[in-house]
Amino acid sequence: MSEIASIDAVEIAPEDRRRSPWRVLVSAAWRQHRTKIGLGITLLLVGTAVFGRLVAPYPPDQGVENQLPFAPPSSDALLGTDDLGRDVLSRFLYGGLSVLLLSGLATALGMVLGVSIGLVAAYSRGKLDDLLMRTMDVFLSLPQIVFALVLAATVGPKLWLLVLAVGFTTMPRVARVARGAAVEVVERDFVRAAEAIGIPRRRILLSELLPNVSSPLIVEATLRMSFNVAVVAGLSFLGFGLQPPAADWGLMINENQNGLTLQPWPVLLPVIAIALLTIGTSLVGDGLSRAAIGIERGRGGE
Amino acid sequence: MSPGRGLTGFIVRRLLLGLVTLWITSVVIFAATQALPGDAARSILGRSATPESLADLRARLGLDKSVLTQYWEWISGIFTGDLGTSLANSLPVTEVIGERLVYTFFLMLIAGAISIPLGIALGAISARRRDSAFDQATSVATLGLAALPEFVVAITLAVIFSTTVFHVLPSVIVTEPGSRPWDYPRELVLPVITLIIAVVPYTARIMRASTVEILESDFVEMARLKGLPERRVLWRHAVPNALAPTFQITALNLAYLAGGIVVVEAVFNYPGIGLLLVDSVRARDMPTVQAIALLIAALYVVLNLLADVATILVSPRLRTSLG
């Protein structure tokens, strides 16, 4: 990804470089339209997923009275009913939280594992570095969905398993980025100084290395979140996420796909929501990444 | 890269690395499917299973032997072309997969043959007209499309072209036994377009980035100073050198596409190995799941190897340093 953004990096003014790296990153990202648009879209969808249930006209798992399955929009059910005669709008308003929580947890797990491994690899160098990164490369040979499916074949569709599988397959990608960013920081004087005065390894990793690689990691976290929303929604579309009668965007698409000609809304609403959520987060990620590379470039020019 | 050992030595080393990757992946797949704590036979048959049927299934899965023996039997079977017997229909796994593989390869081949040149052309033209309206539009479109999950694209296409808006293309494929994927040209259109939409954005973006970089380099400036027309500078001098990183990224994406193919095949009911994987996971058909997972890992290794070789062949500098 970095190669792609590097040529379109944001210019960073010299006076900006004295401020804290986080504020520089955020303000440089904020100056681009794509970040604002992306954040707006993301917040709209997160708001729908979290607070939508408060305004839902019906409970998610209850049929609408006097309505057949796949009924068209009417005054009773504003966007019609689904395959079991339940209110489409209500199920949509309830169904976003699971996608958001599962992909958020998986991304957090993948970030913690990946950053730990990447930092340890960069700091230890030598054989341990090689071993860790080669192991990470092996895990790249299975696509995220395939790995999750292999686990689901053994244990069945369990939510903890889904988070574990998606988090675990996020790890190698994050580890590469974390190691790449940390390798040059390890060589700097303040790390040598910390070693010299005998600060324990774990403290060096957490309080010397980690703060200095936070910008690329924030970028990576945003991009991983965007990918993981797609993976989690895809798995629940395939029937390996939440199980019926739960209201979940991926599952809604699965359940109502056969009724597309009669009633497109129970498929279209979650499809549009998932599309917007992935596009929104990836716009924010792209804005952040252009800003981070601009900062990197400014530092190199000093 | 040690000098003097040439292209063959390089390929042999990459091949060995690929085999090691594949071997470790096979251990991971095996560990995930067979060696997890808990009784696989019971989780397949459910709580109501009788002791006899449990014992029978354990014997068929080889669960009554030690884990090492199980792994050895599986991995040595692969080398003799014996991937075990499908639990779903009692046919040899190789037979079940072989028929489906033709469908998946045909789909990937068509999608790849269209999307790779298309992505390269889009990227090169965007780089040439950097910051023009065309470049801006391509940039926004590829960023958005790259973010979309494959099943979202697939269902949107089905809504537009086969169910709700127009009814011009079939949204599912109904095959007859013994038929081949090329017997269904109309049914192939939507799955192929979905995969093209999944691959083109990445190829176009990386191609644009590397072409922009090369267009700013000294040797392109030299070509311009020699008075070559800009069109020739782009396609003869810049593009061949920008292809190397593009091949690397495209190979990675084609390999990840295997994940997308699972979902796309499920949406269109396309009878390839992706749909077979989903069905086998539902049926808890372990031997088939293991075989398909290993096959997908092998695809990743082969595509990476091809990308490495293609990189050397297209970049003059590497070609001479290895030759």
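This structure is a prediction, so every number in the text was calculated from the model and none was measured.

A.B. asks: Please provide a residue-by-residue account of the overall build of chain A, values included.
C.D. replies: For chain A, the count of helices and strands is 13 helices and 0 strands. Here the C-alpha coordinates of chain A stretch approximately 75 × 45 × 30 Å along the principal axes. Every one of the 302 residues in chain A was classed for burial, and the buried ones make up 52%. Within chain A, counting contacts between residues at least 6 apart in sequence, those at least 24 apart form 72% of the total.

A.B. asks: Could you give an account of the overall build of chain B, naming the residues involved and the relevant values?
C.D. replies: Counting its secondary structure elements, chain B contains 13 helices and 0 strands. Its C-alpha atoms put chain B at 85 × 60 × 35 Å along the principal axes. For chain B, with 323 residues in total, the buried portion stands at 41%. Long-range contacts, defined as pairs at least 24 residues apart, comprise 71% of the intrachain contacts of chain B with a sequence gap of at least 6.

A.B. asks: Give me the lowdown on the nonpolar core, citing residues and values where you can.
C.D. replies: Membership of the largest hydrophobic core comes to 171 residues, with the highest contact counts inside it found for V146, A148, L149, V150, A178 and V232 of chain A together with A293 of chain B. Per-element accounting of this core gives the leading share, 19 residues, to helix α10 (residues 230-268) of chain B.

A.B. asks: Requested: an account of the interface of chain B and chain A, with residues and values cited.
C.D. replies: At the junction of the two partners, chain B supplies 45 residues and chain A supplies 39 residues. Breaking the side of chain B that touches chain A down by element, the ones donating at least two residues are α1 (6-33), α2 (40-45), α6 (133-147), α7 (150-163), α8 (185-215), α10, α11 (273-282) and α12 (286-314) of chain B. Across the side of chain B that touches chain A, the residue classes break down as 33 nonpolar, 9 polar and 3 charged.

A.B. asks: Residue-level account of the confidence of the model for chain B, with values.
C.D. replies: For any part of a model where pLDDT is low, the fine detail of the predicted coordinates should not be relied upon. Residue and element names in this part refer to chain B. Per-chain confidence: chain B averages 83 in pLDDT, with 93% of residues scoring 70 or above. Averaged pLDDT values over the elements of chain B bottom out at 59 in helix α13 (residues 316-322) and peak at 93 in α11. Note on the complex model: pTM 0.88, ipTM 0.88.

A.B. asks: Hey, could you go over the packing of helix α7 (residues 144-155) of chain A against helix α8 (residues 159-186) of chain A for me, with residue numbers and the actual values?
C.D. replies: All names here are of chain A. It is the contact of α7 with α8, at a shortest axis distance of 9 Å, that shows an interaxial angle of 145°. For the pair α7 and α8, the sense of crossing is right-handed. In contact with Q144, F147, A148, L151, A152 and V155 of α7, α8 contributes L161, L162, A165, V166 and T169.

A.B. asks: Could you give an account of the confidence of the model for chain A, with specific residues and numbers?
C.D. replies: Residues and elements named next belong to chain A. Across chain A, the average pLDDT comes to 88, with 94% of residues at or above 70. Mean pLDDT values over the elements of chain A span from 46, in helix α1 (residues 2-6), up to 96, in helix α5 (residues 96-124). In this model residues 1-5 is a low-confidence stretch, pLDDT under 50, and it forms 14 contacts with partners more than four residues away in sequence or in other chains.

A.B. asks: Could you give me a rundown of the environment of R129 of chain B, with the residues and numbers involved?
C.D. replies: With respect to the helices and strands, the residue R129 of chain B is situated in the loop between α5 (93-128) and α6. Contact partners of R129 of chain B, with chain neighbours within four places excluded, come to F134 and D135 of chain B.

A.B. asks: I'd like a description of α1 of chain B, backed by residues and values.
C.D. replies: Over its 28 residues, α1 of chain B extends 41 Å from the first C-alpha to the last, a length consistent with the 40 Å expected when each residue adds 1.5 Å. Buried residues belonging to α1 of chain B abut α6 (126-139) and α7 of chain A together with α12 of chain B.

A.B. asks: Quick one: what's the story with the packing of α5 of chain B against α11 of chain B, residue by residue and with numbers?
C.D. replies: Residues and elements named next belong to chain B. Look at α5 against α11: their axes get within 8 Å of each other, and the N-to-C directions meet at 135°. In terms of their interaxial angle, α5 and α11 are classed as oblique. Between α5, through I97, R100, L101 and T104, and α11, the contact on the second element is made entirely by I273, G274 and L276. Classifying every residue of the contact of α5 with α11 gives 4 nonpolar, 2 polar and 1 charged.

A.B. asks: Account for the environment of W265 of chain A, with residues named and values stated.
C.D. replies: All names here are of chain A. Examined against the element boundaries, W265 turns out to sit in helix α13 (residues 265-300). Among the residues examined, W265 registers 22 C-beta atoms within 10 Å and is labelled buried. Contact partners of W265, with chain neighbours within four places excluded, come to L79, G80 and V88.

A.B. asks: An account of unusual backbone geometry is needed here, citing residue identities and associated values.
C.D. replies: Residues and elements named next belong to chain A. A cis amide bond links P244 with the next residue in sequence, P245, at an omega value of 5°. Of note in the backbone geometry, F70 takes a positive phi value of approximately 55° without being a glycine. F70 sits in the buried class, given 22 other C-beta atoms within 10 Å. Positioned with a positive phi, R125 is a non-glycine residue whose angle comes to about 50°. Tracing the sequence through the fold places R125 in the loop between α5 and α6.

Analysis parameters
Residues numbered from 1 in each chain as written. Chains lettered and ligands numbered in written order. Predicted model: local features only at pLDDT ≥ 70, side-chain atom pairs only at ≥ 80, totals over all residues. Helix = DSSP H or I, 4+ residues; strand = E, 2+ residues; numbered from the N terminus. Buried ≥ 20, exposed ≤ 12 C-beta atoms within 10 Å, placed from the backbone. Contact = placed C-beta atoms within 7 Å. Core = buried A, V, L, I, M, F, W, Y, C linked by C-beta atoms within 7 Å. Nonpolar A, V, L, I, M, F, W, Y, C, P; charged D, E, K, R; others polar. pLDDT = per-residue confidence, 0-100. Axes fitted to C-alpha atoms, helices over the stretch in contact; angles between N-to-C directions. Left-handed = near helix turned anticlockwise from the far one by under 90°. Expected span 1.5 Å × (residues − 1). Parallel < 35°, antiparallel > 145°, perpendicular 65-115°, else oblique.

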